[in-house]
Amino acid sequence: MATAIVLGATGILGREIVKELGRKPDQWKTVHALSRSKKDECPSNVVHHHIDLTTSAEEMAKELKDVRGEYVFFAAYLQKDTEQENWNVNGDMLESFLKALEITGAVRSIKRVILVTGAKQYGVHLGQPKNPQLESDPWLRDARWPPNFYYRQQDILKDFCAKHTNISWVVTYPNDVIGFATGNFMNLVSGLGIYAAVSKEMGRDLIFPGSDTFYTKFDSFTCSKLHARFCEWAALEPKAANQAFNVVNGDVQSWQDMWPRVAQRFGMKVKADQFLGESELAERTTLDTPPLSLVASEIGLEGKVLPSRLEQRISLVKWSQMDEVKQSWNRLAEREGLQKEALEKATWAFVDFVLGRSFDIVISMSKAREMGWTGYYDTWRALTDVFGELEAAKVLPKSQ
Ligand SMILES: NC(=O)c1ccc[n+]([C@@H]2O[C@H](COP(=O)([O-])OP(=O)(O)OC[C@H]3O[C@@H](n4cnc5c(N)ncnc54)[C@H](OP(=O)(O)O)[C@@H]3O)[C@@H](O)[C@H]2O)c1
């Protein structure tokens, strides 16, 4: 029987890792779930501990004195205003935590550390990447691009494992996560659901708020439940040692297929001419240095890589501030007994970003499949599952 330590236990990705291991007490004897807050009840094999990863390693060591585990899953995340601050805080959190494990001696029990990062590895936030994205693609390290805290975290982890040669590492790269969480930093589905529910309350047809270009392009999504299963597989699979892996659902989806289904799910229809005419809430940003430019000469695209665009037909950041929207939400929340603060807490800038890109994101799962990973999750099913969880949690109104 194995033991685990999960950091970020209340987050959109960490919470599912705790759930996945927590439902197998025959395999996972003890799962230490660590975060500042405690949001869920724990099954018998899960013990929650408070930890503040922004404190010193010495302080953390005091909170970790009873925590031992063979497999560490690091899915903690703090979001700051600039990439430099993200680099500092997220790198420091991992570094201090690993140092705290050395102080307590827990390091001696550890076999593998699984670090959760994401597809920003490929600069999907900076413009058009090379498609498909492969784990062997070059890192965007030079001065053209802002600091990327995933790179610092991976370097920290690799140095730690080089020092402790009995410990191996795994890194995961999920993208556009479809999962359940409340009060977290990047939450696509609760934003989408609230937008649809309020549009319905306002008596409108459903309009895709993102980019009309992206509407017919491809994205690769990650179901948080599938990601949790992947993390367990990667922890235990000998071949996965010291490897980084893309983790996406295994289908390639597009909003042209899912948006009409979202409308139907909420008892609405898509506005037939949703992309025609001017929109007062539109936003447009240029991304000057797309990651594709790094390899342009090598792959024969020199002179052909243009700046990328982020464009919102309806900026949800602006939309969520409108009096009419707030009033409609308050009315709906009152009538249906919903969590009133959900509108304000939704991560509108993140949803704007995910729907506003103007380029395909196709992420390859070949590397993991070659090693025997067979997991798959239909993206539409993942989306409807989470809408259901949000209904149960009173973030969204009942669909029927
Ligand atoms: N969400 C997405 O769509 C997405 C997509 C691709 C990649 N990723 C990446 O996945 C990783 C995990 O992100 P996530 O989205 O799962 O994060 P999240 O949902 O925002 O959760 C963050 C977790 O970190 C914990 N945490 C934050 N500050 C802490 C502190 N000072 N001490 C201890 N725990 C702390 C939080 O718990 P408490 O607040 O209770 O402490 C929470 O459990 C990140 O690298 C992120 O960039 C996310």
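From a predicted model like this one, the values you see are computed outputs, not experimental measurements.

1. Quick look at the site of the ligand
Line of reasoning, step 1. If you check the shell around the ligand, you find 30 residues, and the closest are Thr 10, Ile 12, Arg 36, Ser 37 and Tyr 150.
Line of reasoning, step 2. Asp 52 places a side-chain nitrogen or oxygen 3.0 Å from a nitrogen atom of the ligand.
Line of reasoning, step 3. One of the backbone N or O atoms of Phe 185 is found 3.3 Å from an oxygen atom in the ligand.
Line of reasoning, step 4. A class-by-class count of the residues in the shell around the ligand yields 18 nonpolar, 9 polar and 3 charged.
Line of reasoning, step 5. Composition of the shell around the ligand by domain shows at least three residues from each of domain 1 (2-175 + 223-247) and domain 2 (177-221 + 251-361 + 377-392).

2. As for the pattern of salt bridges
Line of reasoning, step 1. Under the criterion given, the structure shown has 31 salt bridges.
Line of reasoning, step 2. Lys 225 is the partner of Glu 16 in a salt bridge, and the nearest nitrogen-oxygen pair spans 3.8 Å. Taken together, the positions of Glu 16 in helix α1 (residues 14-22) and Lys 225 in helix α7 (residues 224-236) put the pair 209 residues apart, joining distant regions of the chain.
Line of reasoning, step 3. Of the residues examined, Glu 16 reaches a relative accessible area of 4% and is grouped as buried.
Line of reasoning, step 4. Asp 92 serves as the salt-bridge partner of Arg 152, at 2.9 Å between the closest nitrogen and oxygen. Taken as a pair, Arg 152 in helix α4 (residues 149-163) and Asp 92 in helix α3 (residues 83-104) lie far apart in primary sequence, 60 residues in all.

3. Some thoughts on the domain arrangement of the protein
Line of reasoning, step 1. Domain parsing of the protein yields domain 1 (2-175 + 223-247) and domain 2 (177-221 + 251-361 + 377-392).
Line of reasoning, step 2. The centre of domain 1, based on its C-alpha atoms, is set 27 Å off from the matching centre of domain 2.
Line of reasoning, step 3. Summing both sides of the interface, domain 1 and domain 2 together bury roughly 2,900 Å²; the carbon and sulfur share of this comes to 62%.
Line of reasoning, step 4. The three residues of domain 1 that bury the most area against domain 2 are Ile 12, Gln 128 and Asn 175, which together make up 25% of that side's buried surface.
Line of reasoning, step 5. The tally of links from domain 1 across to domain 2 stands at 1 salt bridge.
Line of reasoning, step 6. Between Glu 389 and Lys 225 there is a salt bridge, with its nearest N and O atoms 2.8 Å apart.
Line of reasoning, step 7. Remark: the boundary between domain 1 and domain 2 carries 10 residue pairs in polar contact (both at pLDDT 80 or more).
Line of reasoning, step 8. Every element with two or more residues in the side of domain 1 that touches domain 2 is listed here: α1 and α7.
Line of reasoning, step 9. Examining the composition of the side of domain 1 that touches domain 2, we find that 4 residues originate from one element, α7, more than from any other.
Line of reasoning, step 10. Split into classes, the residues belonging to the side of domain 1 that touches domain 2 amount to 15 nonpolar, 11 polar and 10 charged.

4. Some details on the environment of Tyr 77
Line of reasoning, step 1. Residue placement: Tyr 77 occurs in the loop between β4 (71-74) and α3.
Line of reasoning, step 2. When the C-alpha atoms of Tyr 77 and Gly 91 are compared, they prove to be 9.8 Å apart, with 14 residues separating the residues in sequence.
Line of reasoning, step 3. Residues in contact with Tyr 77, not counting those within four places in the same chain, are Asn 90, Met 93, Phe 149, Phe 185 and Met 186.
Line of reasoning, step 4. Within the structure, the side chain of Tyr 77 is placed 2.8 Å from the side chain of Gln 79, a separation counted as a polar contact.

5. Notes on the sheet that holds strand β2 (residues 28-35)
Backbone-to-backbone hydrogen bonds pair the strands of a sheet. The strands run either parallel or antiparallel.
Line of reasoning, step 1. Spatially, the 7 strands line up as an open sheet ordered β3-β2-β1-β4-β5-β6-β9, and their pairing is parallel. Edge positions in the sheet fall to β3 (46-50) and β9 (243-247), since each has one partner strand and no second. Put simply, the sheet's adjacent strands are angled 20° from each other on average, direction ignored.
Line of reasoning, step 2. Packing of α3 onto the sheet brings it into contact with β1 (2-7), β2, β4 and β5 (112-116), and relative to β4 it is tilted by some 160°.

6. Structural notes on the environment of Arg 331
Line of reasoning, step 1. Mapped onto the elements of the fold, Arg 331 is located in helix α11 (residues 323-336).
Line of reasoning, step 2. Put simply, Arg 331 and Glu 201 are 130 residues apart on the chain and 8.7 Å apart in space, counted from C-alpha to C-alpha.

About the criteria used
Residues numbered from 1 in each chain as written. Predicted model: local features only at pLDDT ≥ 70, side-chain atom pairs only at ≥ 80, totals over all residues. Heavy atoms only, no water. Near = heavy atom within 4 Å. Polar contact = N/O pair within 3.5 Å; in protein donor to acceptor, adjacent residues only side chain to side chain. Nonpolar A, V, L, I, M, F, W, Y, C, P; charged D, E, K, R; others polar. Domains from an automatic or database assignment. Salt bridge = Lys/Arg side-chain N within 4 Å of Asp/Glu carboxyl O. Helix = DSSP H or I, 4+ residues; strand = E, 2+ residues; numbered from the N terminus. Buried < 20%, exposed > 50% of the residue type's maximum accessible area, 1.4 Å probe, protein only. Buried area = accessible area lost by both parts, 1.4 Å probe. Contact = heavy atoms within 4.5 Å. Pairing = 2+ DSSP bridges. Axes fitted to C-alpha atoms, helices over the stretch in contact; angles between N-to-C directions.

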